[in-house]
Amino acid sequence: MSNKNPNNSEQKSQMAGADAPDKQNTSTKLDQLEQYRRDATGQALTTNQGVKIADNQNSLKAGVRGSTLLEDFILREKITHFDHERIPERIVHARGVGAHGYFQAYEGNEKYTKAGFLTDPSIQTPIFVRFSTVQGPRGSADTVRDIRGFAIKFYTQEGNYDLVGNNAPVFFVQDGIKFPDFVHAVKPEPHNEVPTGGSAHDTFWDFVSLVPESAHAVMWAMSDRAIPRNLRSMQGFGVHTFRLINAEGKGVFVKFHWTPKQGLSQLLWDEAQKLAGKDPDFHRRDLYDAIEAGNYPEWELGIQVIEEEDEMKFDFDLLDPTKLIPEELVPVTPIGKFVLNRNVDNFFAEIEQIAFCPGHVVPGIDFTNDPLLQARLFSYTDTQISRLGGPNFHQLPINKPVCPFHNSQRDAMHQGHIHKGQAAYQPNSIDQNWPAETPAAAQYGGFESYQERIDGNKIRQRSESFSDHFSQARLYYQSLAKHEQKHVVDAYTFELSKVERPHIREREVNEVLAYIDLDLAQQVADNLGITLNKPKDQNNAEVKPSKKLTMEAFAPKDIKAKKIAVLVHDQVNGDQVKAIQKWAESESAVAEVLTPTPAPVKDLKKAEVASDGMQKAEPSIAYDAVIIVDGDNLDAVKADGVTKHYLQEAYKHLKPIIFLGDKSELIDRLDLTKDKGTLVTDRFDQVKDQFKQLIIDHRVWEREPAAEGIPA
Ligand code: HDE
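Sequence positions are assigned chain by chain, starting from 1 and proceeding in written order. Only residues with pLDDT of 70 or above have their local features reported here, since the model is predicted, and side-chain atom pairs are shown and tallied only from 80 upward, although totals for entire chains, interfaces and linings are computed over all residues. Water and hydrogen atoms were dropped before computing side-chain values, which therefore reflect all heavy atoms in the structure.

Describing the coordination of the iron atom of the ligand
Ideal values differ by geometry: the angle at a metal is 109.5 degrees with four tetrahedral donors, but 90 or 180 degrees with six octahedral donors.
Next up, step 1: Exactly one donor from the protein chain reaches the iron atom of the ligand: Tyr380 (OH), at 1.9 Å.
Next up, step 2: A helix here means a DSSP run of H or I that spans at least four residues, while a strand means a run of E at least two residues long, and both kinds are numbered starting from the N terminus. In this structure, Tyr380 sits in helix α10 (residues 371-387). Counted as coordinating are nitrogen, oxygen and sulfur atoms within 2.8 Å of the metal, or 3.2 Å for Na, K and Ca, while water is not included, which may make sites look incomplete.

Rendered as structure tokens:
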């Protein structure tokens, strides 16, 4: 967009965009975001008014033991600021973490959209991603069972674009008017504010068992998707159907997907629960550490494209956010990739203050009439006004567009700009009518809404095309791998076991699950001791499974950033430890040597082996695989309850374990069953490729029945 100075030239046109945008200038620079960062290194300590402070240790008192004086402006300013350090947390998605990165488009997207950042592969558009859980407050644990928020802000040269998605492709309700009900039901119960960070309670199951449109999303929440191993291994979805518009004004419907290069992986439920206590920051720590170590997570952004004329060709409604489009029907077309490569400097300023809104779109991207999306377009800006203290939150560094922005909006709380000129209105002749409108034609870049013909009565009614609530829940369940299905049964059983009112449990089983899949319903009913009433109108028809719904379809290709615990004691074989470390480094994996205490241990040659942590403090649940190293210390290991528990726990959680040399004896001693994931060898090098493949596979699923016998 051109920025002609109206003071220098007679304005010939009222169109600010009369010049085509200069492609050269569209490449964005991360340092544009940096100008707000403050570094106090080498600077004097001052008050907020800039007065240098001589004593920051003592308040001003009447005598050394005397009372504190009201006059002490330094104390008062410091305490007053402190008293107001918190802002209201987000109503939902309060617990979150984020990072900076960039997005880069692939070639050939101009047939779908005119959005510059999606069509020019030479631009690296800065982005900020915030991941979140939905239910819990800011201080809740990372690993709870919950859908994860996955919101991306693209700082494009045509304005900020927010893709505010989740790690599930469907939502719990179809119409925005039901969202507050849903959220009130899932949030901690109002009388005792329990539970924190979970849906295993009466009000949630009361609501969802009465609202069958939630069946599909609840199924996702009960699946392994809702307990991701880390935030780097999650898919993201835009959920709603959106619209892309190309330079000729042609529109297509799209569903956004983003898929991690690192593959998908999950926690086991037992791990998730333990991590919530042992390391409530497990996910945020993992993301931070991976980025600090240079293991930058990467996703591929893709779209499912539906031509306008195909809008009605599906047996569900494209506007219904409880439905996904199976990839067998419409494949995902990759359109670009994004990488997270920079941690924040300050959690509050960046992660807490970032303000997303699905209504932040740029030319070439538009909405559909999905009634959930329509309500979201209002909600997000509204909530920021109370959260961030007024309508100027877009001026906060993390929210500020990197392209110029000018309009006649003025004043209000926390106004950070000093606007020049007398005419804060349009039309005006005093400031030559600046800032001026820009034509919508693609070469100018003004935003124009897609011209969609709407013809209908004003009416409060759900479309008949939104009424099938169970087919896709069945599709999802039946598409899962066997072990994933078992986890779904376990999850419903666990959650409903926490529901105190029997009629709610029964309603969920007989009026929801029985309509989804009789086999699933029967298993949950049996576990809960409920009699299953087979509904007469149940349609238990087998569905054609969709391959891309199981997490198995998204295995990683390498073991980059995977964490391996290397258990050692005094008299360990140091050469073996070195070989493991060398190999891990060559694979960009993280091998951590865990010792009985934080002190280093001595190897067989009396050399010191440094400790990366002690076994008691770095539990097996935080690692992807374990190696117990040989040496002259079997008796010490046999007497070490922490190490024995470590191995049993890793086995229980289906992790690959290498027992080196003399440590193979532990397999029988600990009552473990030998399987393809328990590798026994005298030399690590001999099994390293096998071990790598096991880590890629992530879990030894066939071990699951045997592992049930191992104590938690
Ligand atoms: Fe949100 N949602 N939402 N939501 N949502 C918020 O916005 C809302 C919905 C999602 O990291 C709030 O800034 C309504 C679907 C994410 O900052 C709030 C409706 C999807 C985040 C809000 C929905 C989401 C939010 C809370 C139904 C997946 C966190 C504070 C009409 C596609 C963004 C805030 C971040 C946050 C409202 C439904 C995802 C209250 C009214 C569907 C990832 O405005």
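A word on the UniProt feature "active site" (unreviewed entry) in the chain
Next up, step 1: UniProt positions are given in the numbering used here, feature names are shortened, and annotations may be inferred rather than shown by experiment. Sequence positions flagged by UniProt for "active site" (unreviewed entry) are, in local numbering, His93 and Asn166. These annotated residues cover 74 residues of sequence, but their C-alpha atoms sit close together, with the largest distance between any two at 10.5 Å.
Next up, step 2: Here His93 is to be found in the loop between α2 (73-83) and β1 (96-105).
Next up, step 3: In what follows, residue pairs with any heavy atoms lying within 4.5 Å of each other are defined as contacts. Residues within four places of His93 in sequence aside, it is in contact with Arg130, Ser132, Thr133, Val134, Gly149 and Asn166.
Next up, step 4: Here Asn166 is to be found in strand β4 (residues 159-166).

Section: the side chain of Asp120
Next up, step 1: In this fold, Asp120 is placed in the loop between α3 (116-119) and β2 (125-133).
Next up, step 2: Judged by its relative accessible area of 12%, Asp120 is buried.
Next up, step 3: Residues adjacent in sequence count toward polar contacts only when both atoms are side-chain atoms; beyond that, a polar contact is any pair of N or O atoms within 3.5 Å, and within protein one must be able to donate a hydrogen and the other to accept it. Of note is the side chain of Asp120, whose polar atom sits 2.6 Å from the side chain of Ser122. Only protein chains enter the accessibility calculation, which uses a 1.4 Å probe. A residue is then buried if its area is under 20% of the maximum for its type, exposed if over 50%, and partly exposed in between.

Describing the site of the ligand
Next up, step 1: Neighbouring the ligand are 23 residues, the closest being Arg90, Arg130, Ser379, Tyr380 and Gln384.
Next up, step 2: Residue Arg130 places a side-chain N or O atom 2.6 Å away from an oxygen atom belonging to the ligand.
Next up, step 3: Taking Arg376, its side chain carries an N or O atom lying 3.5 Å from a nitrogen atom of the ligand.
Next up, step 4: If you list the elements that add at least two residues to the shell around the ligand, you get β3 (148-156), β4 and α10. We call a residue near a molecule or strand as soon as one heavy atom of that residue lies within 4 Å of the molecule or strand.

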